[in-house]
Amino acid sequence: MPAPVYTRSRAYRAAARTHLPFGVSSTPRGRQTPVPVVIEEARGVHLTDLDGNRYIDFTLGYGPLLLGHTPDCVQAAVTREMARGLRTATVHRGEAALADLLAECVPSAEQTAFVTTGTEAVQLALRIARAATGRLKIAKFRANYHGWIDNLHIAGAPGHDGPDTIGQDPAASADIVLFDWGDTAQLAALDGSFAAVILEPAAINPGCFAPPPGFLEAVRVITREHGIVLVFDEVITGFRLGLGGAQQRYGVLPDLTVLGKVLGGGLPIGAVAGRRDIMHDVATGRLLHRGTFNGNPLSLAAGFAAVSHLRAHAATLYPRLDAMAGALCAHVNAQAARTGVAACAQPVGSAVQLFAGTRGLNGIGDLAQVDRAATSRLTDALLQRGIYALPRGLMYLGAPHDEADMATTRQALSEALETLRTPPVRQGP
Ligand SMILES: Cc1ncc(COP(=O)(O)O)c(C=O)c1O
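Conventions used here
Residues numbered from 1 in each chain as written. Predicted model: local features only at pLDDT ≥ 70, side-chain atom pairs only at ≥ 80, totals over all residues. Heavy atoms only, no water. UniProt positions renumbered as here; feature names shortened; annotations may be inferred. Near = heavy atom within 4 Å. Polar contact = N/O pair within 3.5 Å; in protein donor to acceptor, adjacent residues only side chain to side chain. Areas by Shrake-Rupley, 256 points an atom, 1.4 Å probe, with all protein chains shown as cover. Nonpolar A, V, L, I, M, F, W, Y, C, P; charged D, E, K, R; others polar. Domains from an automatic or database assignment. Contact = heavy atoms within 4.5 Å. Buried area = accessible area lost by both parts, 1.4 Å probe. Salt bridge = Lys/Arg side-chain N within 4 Å of Asp/Glu carboxyl O. Helix = DSSP H or I, 4+ residues; strand = E, 2+ residues; numbered from the N terminus. Axes fitted to C-alpha atoms, helices over the stretch in contact; angles between N-to-C directions. Parallel < 35°, antiparallel > 145°, perpendicular 65-115°, else oblique. Left-handed = near helix turned anticlockwise from the far one by under 90°.

Going by what an unreviewed UniProt entry lists, the chain is known as Aminotransferase class III-fold pyridoxal phosphate-dependent enzyme and is assigned to Gluconacetobacter sacchari. The record in UniProt for the chain states the following under Sequence similarities (unreviewed entry): "Belongs to the class-III pyridoxal-phosphate-dependent aminotransferase family." The UniProt entry for the chain carries this comment under Cofactor (unreviewed entry): "pyridoxal 5'-phosphate".

Caption draft 1: View of the site of the ligand. For the ligand, the full set of nearby residues is Thr117, Gly118, Thr119, Tyr145, His146, Gly147, Glu200, Asn205, Asp233, Val235, Ile236 and Lys261. Asn205 places a polar side-chain atom, nitrogen or oxygen, 2.9 Å from an oxygen atom of the ligand. Contact with the protein chains covers 83% of the free accessible surface of the ligand, which is 380 Å². Residue composition of the shell around the ligand, grouped by class: 3 nonpolar, 6 polar and 3 charged.

Caption draft 2: Looking closely at the domain arrangement of the chain. Each assigned domain of the chain is listed here: domain 1 (7-69 + 313-419) and domain 2 (89-295). Computed from C-alpha atoms alone, the centre-to-centre distance between domain 1 and domain 2 is 26 Å. Every contact between the two is made by 26 residues of domain 1 and, on the other side, 22 residues of domain 2. Of the roughly 1900 Å² buried between domain 1 and domain 2, counting both surfaces, carbon and sulfur atoms make up 62%. For domain 1, the biggest contributors to the area lost against domain 2 are Tyr318, Val348 and Ile364; these three give 33% of the whole. For the pair domain 1 and domain 2, the number of links is 1 salt bridge. Notably, a salt bridge pairs Asp322 with Arg249, separated by 3.0 Å at the nearest N-O pair. Of all the secondary structure elements, the ones that give two or more residues to the side of domain 1 that touches domain 2 are α9 (297-339), β11 (343-348), β12 (351-356) and β14 (394-396). The greatest single-element share of the side of domain 1 that touches domain 2, amounting to 4 residues, is contributed by β12. For the side of domain 1 that touches domain 2, a count of residues per class yields 18 nonpolar, 6 polar and 2 charged.

Caption draft 3: Molecular detail of the packing of helix α2 (residues 72-83) against α9. α9 packs onto α2 with a crossing angle of 150° between their chain directions and a minimal axis gap of 8 Å. In terms of axis orientation, α2 runs roughly antiparallel to α9. Where α2 crosses over α9, the two elements pack in a sense that is right-handed. Of the residues in α9, those in contact with Cys73, Val74, Ala77, Val78, Glu81 and Met82 of α2 are Pro297, Leu298, Ala301, Ala302, Ala305, Ala306 and His309. Its residues assigned to classes, the contact of α2 with α9 comprises 11 nonpolar, 1 polar and 1 charged.

Structure below.
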């Protein structure tokens, strides 16, 4: 197979940086190597770039596109909605329709408030928790990601508890107390001074870790004991680990659930769903819930169509995707064992994390073993073989992935793992 050429993507990036900082609209997208490929067209889970290279997509919009890039149900719903006019920032029937549907699908969702992104939904959840408890302190777990706002955009990498980027106000996280995800013993430090505990119930961002046995149950017991609002950030796990998300899969119900990504059917959305009594201040209008684009008709129509489709197909779709993810990981682990390459893969539901530098992690505490540079070389090698994964080694599976796609992906993974045997080429000074 000839090596792909990225001439046009390179030229685009060079020109784009003139007026578009870093040449992209979200920094991680600009970190794809050898160059961020410019995607011209997407159908199902297949992408074509500006140079005509084709890829099987496992980024799926960084998670939302569980039904792929061109689901019929979403296209039809958005087209219908457009024909009625944008109606941005009006009161429209799509709002209550999606809130009603969520109450049927997500076990703890008695009421839902909509915003435009997952980041905003997290902030609204914290505000609701503080209003409901009259307290300020928030417990956050290291390496869990909850969006890019200063207060919670901290402690993203192992061994680093501070702000995740320059330009943040360190004072914004003064009321945030850090814990280690999965460590049940540390939960004893929670007491009646905390407004909320927020966590990824399955830690997808740190590297696809399922909760250790008893961990979520322990968080539930101790938060209930001290009247602390338990917030599950299900921006990724919502509608990905099953129709009812992680809370249904693991059988532990939070007080508030943050949703985003898949909920919007591919269009921008965020939501806080939760217990009626905790949502009380939003329901009375005492707590200000603002945003011009909140509940915009196109996103809500796309979300309603996507969630309805998922509900209709949940019994077959989720087991199929989970089995495909498990098989992909088994292939990587068998290849790594057979060839002696230090690499491994682990799934949670239909999310898969590739790691280089280690033959397996016992838990989130082993993350320091991971060779991040080698993991990114692995995804580079995949890109060159037509497999588009997140540069940090995360791969999302979606409904349109079929056996032919998976066979191609297994072959590409085998070859990409082989490339890890060759020492990296040193870049110039
Ligand atoms: C768990 C989690 N929470 C919140 C967010 C923020 O969502 P958004 O990017 O829509 O602002 C993300 C984004 O990846 C996420 O993974």
